[in-house]
Amino acid sequence: MNEIEILLVEDNPHDLELTMRALRKNHLANAITTVSDGEAALDFLFARGQYANRDMNNRPRVVFLDLKLPKVDGIEVLRQVKNDERTRTIPIVVVTSSAEERDRVESYQLGVNSYVVKPIEFDSFVKTIAELGFYWMAINKSPS
């Protein structure tokens, strides 16, 4: 089975590139799948649409989810994933530029596993992503 380590849901090409660079530089993910909108994230996780032939049991170890996404926003992705018994145990980390209390509270009410505000400064951004990747790939023990 070709295990997916991280599903990265990010619409900002710059943030996507920085995140990928930080994860690869630190050898934290063998298989990263990226999508750029919430609809594609849901299609991937529920094995439908362009991902209909994907084995839904081949779940990512963690989802890094931006909130401000085209088509379907991150809050709705989180809601649908955490409300479905097939996907609710997939760890989801919101990685967003939104420091709004409302977004943080709603994310936790919906069952997010962690909420991280993207640092603006380059070195801090890379360090934060590397630490997140290390925690979710090397330290955290998820259910099988």
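Placed above this text is the structure.
Everything quoted here is computed from the prediction, not taken from an experiment.

A. Region of interest: a nonpolar patch on the surface. On the surface, Phe134, Tyr135 and Ile139 cluster together into a nonpolar patch covering about 290 Å² of accessible area. Tracing the backbone through its elements, the reader meets isoleucine 139 in helix 5 (residues 122-139). Note on isoleucine 139: relative accessible area 45%, which makes it partly exposed.

B. Fine view of the packing of helix 3 (residues 74-82) against helix 4 (residues 101-110). Remark: helix 3 packs on helix 4, axes separated minimally by 9 Å, with the N-to-C direction vectors making an angle of 15°. As far as their axial angle goes, helix 4 and helix 3 are roughly parallel. Of the two possible hands of crossing, helix 3 and helix 4 adopt the one that is left-handed. Together, Ile75, Leu78, Arg79 and Lys82 of helix 3 and Asp103, Glu106, Ser107 and Leu110 of helix 4 make up the contact between the two elements.

C. How the structure looks around the sheet that holds strand 5 (residues 114-117). A sheet is described by the order of its strands in space; here five strands give the open sequence 2-1-3-4-5, paired in parallel fashion. Two strands lie at the open edges of the sheet, namely strand 2 (32-35) and strand 5, each paired on one side alone. Taken pair by pair, the neighbouring strands of this sheet meet at an average axis angle of 20°, ignoring direction. As paired elements, strand 4 (residues 92-96) and strand 5 share four bridges and run parallel to each other.

D. Spotlight on helix 4. Of all the residues in helix 4, the buried ones are Asp103, Ser107 and Leu110. What you see down the axis of helix 4 is that its buried residues fit within an arc of 70°, all on one side. Turned more than 90 degrees from where helix 4 packs its buried face, Arg102 and Gln109 sit exposed. Looking at the packing, one finds that the buried side of helix 4 touches helix 3, strand 4 and strand 5. Immediately downstream of helix 4, the backbone of glycine 111 shows phi near 105°, a positive value.

E. Structural detail: the pattern of salt bridges. Scanning the entire structure with this criterion turns up 16 salt bridges. Here glutamate 39 ties to lysine 71 by a salt bridge, and the two come within 3.7 Å at their closest N and O atoms. With glutamate 39 in helix 2 (residues 38-45) and lysine 71 in the loop between strand 3 (62-65) and helix 3, this residue pair connects regions lying 32 residues apart in the sequence. Note that arginine 102 is salt-bridged to aspartate 103, the shortest N-O span being 3.8 Å. Arginine 102 sits in the exposed class, given a relative accessible area of 56%. Looking at aspartate 103, the relative accessible area reads 4%, which means it is buried. What emerges from the salt-bridge pattern is a single network uniting Glu10, Asp15, Asp66 and Lys118.

What counts and how
- Residues numbered from 1 in each chain as written.
- Predicted model: local features only at pLDDT ≥ 70, side-chain atom pairs only at ≥ 80, totals over all residues.
- Heavy atoms only, no water.
- Patch = residues over 30% accessible without salt bridge, like charges linked within 9 Å, V, L, I, M, F, W, Y side chains within 5 Å.
- Areas by Shrake-Rupley, 256 points an atom, 1.4 Å probe, with all protein chains shown as cover.
- Salt bridge = Lys/Arg side-chain N within 4 Å of Asp/Glu carboxyl O.
- Helix = DSSP H or I, 4+ residues; strand = E, 2+ residues; numbered from the N terminus.
- Buried < 20%, exposed > 50% of the residue type's maximum accessible area, 1.4 Å probe, protein only.
- Axes fitted to C-alpha atoms, helices over the stretch in contact; angles between N-to-C directions.
- Parallel < 35°, antiparallel > 145°, perpendicular 65-115°, else oblique.
- Left-handed = near helix turned anticlockwise from the far one by under 90°.
- Contact = heavy atoms within 4.5 Å.
- Pairing = 2+ DSSP bridges.
- Arc of directions from axis to C-beta.

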